[in-house]
Structure formats: structure tokens, C-alpha cells
Amino acid sequence: MSEETSPPVSAAGRTAVPLDDIDRQILRRLLEDGRISVRALAEQVHISRANAYTRIGRLVAEDVITGFTAQLNPQRAGLGTSAYVTMSIEQNAWRNISRALRAIPFVEHVALVTGDFDALVLVRAPDNLTLRKVVLESIHAVPGVRSTRTWLVFDEVRGRGATLTG
């Protein structure tokens, strides 16, 4: 195939915001410890506090940083039953379904996926009875949900998470 007739190649990260080395260092440190003070962060990255505040503000404004959260130990927080729920949904129903799922208590994560099912939902509940109610009474009640399959989590470990290169 000649260059003129070959399909266009999509650029990886086309929607990514340009980040310099200082931005990546700030993000790495915030991912390691979201409670780090701006003063300590600025010292570690070797910039002024004013520059650190400006850069963090820009990263938030450009939606690179979408929030600051705590990480829970689900068992210690009383959420000892976790399950992945796979869903088959009606075509073109994703936006409404995702909006409805975000409003259901105990739903932690919702993803549109490819493969044998359409969506994947992580549910963390206090017990099996609550999990059953979430799946059979709440998720199944969402218009556009055709079917679900529930995969109980026996054990889990946290991975390294996002890493920034460049």
C-alpha cells in the first residue's frame, strides 16, 4: 500500500495536555501522597511555592487533575463484600445508564467496555444481602439494562497505578 492510500495513523495521546518535566514530577508526587503540602511539593520539585500553586491550578483547570481523594480499605470501612457486575445493555443507552448507575449507593466504578458484555461495574457493599439488593433491585431497575452477571471478589491487591513517562 502506498503512503497516499494508507489509512491515517492516529497520534497516541492526541487529547493529552502537554506536560513538561516539572508537571510530571508534581503529578508523580501527588499520586504518591495527595496530602503533601504545596510547600513540601515545591521543595521536592525545586520550584517556588507560587509556581507550584500556579501549576497545580493549571493542571486542575485543564482537567489533568480531576480531584483529590482518600483511598479506603474496603474491609476496614465496613464494605467487606465486593463484586464485579458485567452488564449487557441496549444499544445507545450508555449515557443514561452510566448516569443512573453513578447515583446507586455502593457502586464504586462504572466502565463501558468491549467484549462479551457492554459494561463493567464494581460494587462494594457491607454484606451479601446488600449486594443482592444493589444488583437485583437497583441495577436491574435501570432502563436499558438487559442482563447482568455477578463475579464475587475473594481477594484483591492494589497495583502501582498510573505512571507518567516523558
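Residues numbered from 1 in each chain as written. Predicted model: local features only at pLDDT ≥ 70, side-chain atom pairs only at ≥ 80, totals over all residues. Heavy atoms only, no water.

Examining helix α1 (residues 21-32)
Then, number 1: Here α1 is 12 residues long and its end C-alpha atoms lie 17 Å apart, about the 16 Å a rise of 1.5 Å per residue gives.
Then, number 2: The complete set of buried residues in α1 reads Ile 22, Asp 23, Arg 24, Gln 25, Ile 26, Leu 27 and Leu 30.
Then, number 3: Those residues of α1 hidden inside the fold are in contact with α2 (38-45) and α3 (49-61). (Helix = DSSP H or I, 4+ residues; strand = E, 2+ residues; numbered from the N terminus. Expected span 1.5 Å × (residues − 1). Buried < 20%, exposed > 50% of the residue type's maximum accessible area, 1.4 Å probe, protein only. Contact = heavy atoms within 4.5 Å.)

Remarks on unusual backbone geometry
Comment: phi is negative for the bulk of residues other than glycine, and the bulk of peptide bonds are trans.
Then, number 1: Even without being a glycine, Asp 63 presents a positive backbone phi close to 65°.
Then, number 2: Here Asp 63 shows up in the loop between α3 and β1 (81-89).

Concerning the sheet that holds strand β4 (residues 145-152)
Then, number 1: A sheet is described by the order of its strands in space; here four strands give the open sequence β2-β3-β1-β4, paired in antiparallel fashion. Each end of this open sheet is capped by a strand with a single partner; those strands are β2 (107-112) and β4. Geometrically, the sheet is characterised by an average inter-axis angle of 20° between neighbouring strands, direction not taken into account.
Then, number 2: Where helix α4 (residues 94-102) meets the sheet, it contacts β1, β2, β3 (119-125) and β4, and its direction lies at approximately 170° from that of β2.
Then, number 3: Those strands touched by helix α5 (residues 128-139) are β1, β2, β3 and β4, and its axis lies near 165° from that of β4. (Pairing = 2+ DSSP bridges. Axes fitted to C-alpha atoms, helices over the stretch in contact; angles between N-to-C directions.)

What to know about the nonpolar core
Then, number 1: In this structure, Met 87, Ile 97, Leu 101, Ile 104, Val 121, Val 123 and Ile 139 are the most contacted members of the largest nonpolar core, which totals 19 residues.
Then, number 2: When residues of this core are traced back to their parent elements, those giving at least two are β1, α4, β3 and α5.
Then, number 3: Excluding residues that lie within four positions of it along the chain, Met 87 makes contacts with Ile 97, Leu 101, Phe 117, Asp 118, Ala 119, Val 121, Ile 139, Val 145, Ser 147 and Thr 148.
Then, number 4: With 14 residues, the next largest nonpolar core counts Ile 22, Val 38, Val 45 and Ala 52 among its residues. (Core = buried A, V, L, I, M, F, W, Y, C linked by side-chain atoms within 4.5 Å.)

Observations regarding the pairing of β1
Then, number 1: Counting buried residues along β1, seven of its nine residues qualify, which places the element largely inside the surrounding structure.
Then, number 2: Taken together, the seven bridges between β1 and β3 define a ladder with antiparallel strand orientation. Of the residues in β3, the one forming a bridge with Met 87 is Ala 119.
Then, number 3: As paired elements, β1 and β4 share seven bridges and run antiparallel to each other. If you follow Tyr 84 over to β4, its bridge partner there is Trp 151.

A word on α3
Then, number 1: The terminal C-alpha atoms of α3, which comprises 13 residues, lie 18 Å apart, in line with the 18 Å expected from a rise of 1.5 Å per residue.
Then, number 2: Every buried residue of α3 is accounted for by Ala 52, Arg 55, Ile 56 and Leu 59. What you see down the axis of α3 is that its buried residues fit within an arc of 100°, all on one side. Structural note: α3 exposes Ala 50, Tyr 53, Thr 54 and Ala 61 on the side pointing more than 90 degrees away from its buried face.
Then, number 3: Close packing links the buried residues of α3 with α1 and α2.
Then, number 4: Phi for Asp 63, located one or two positions after α3, is positive at around 65°. (Arc of directions from axis to C-beta.)

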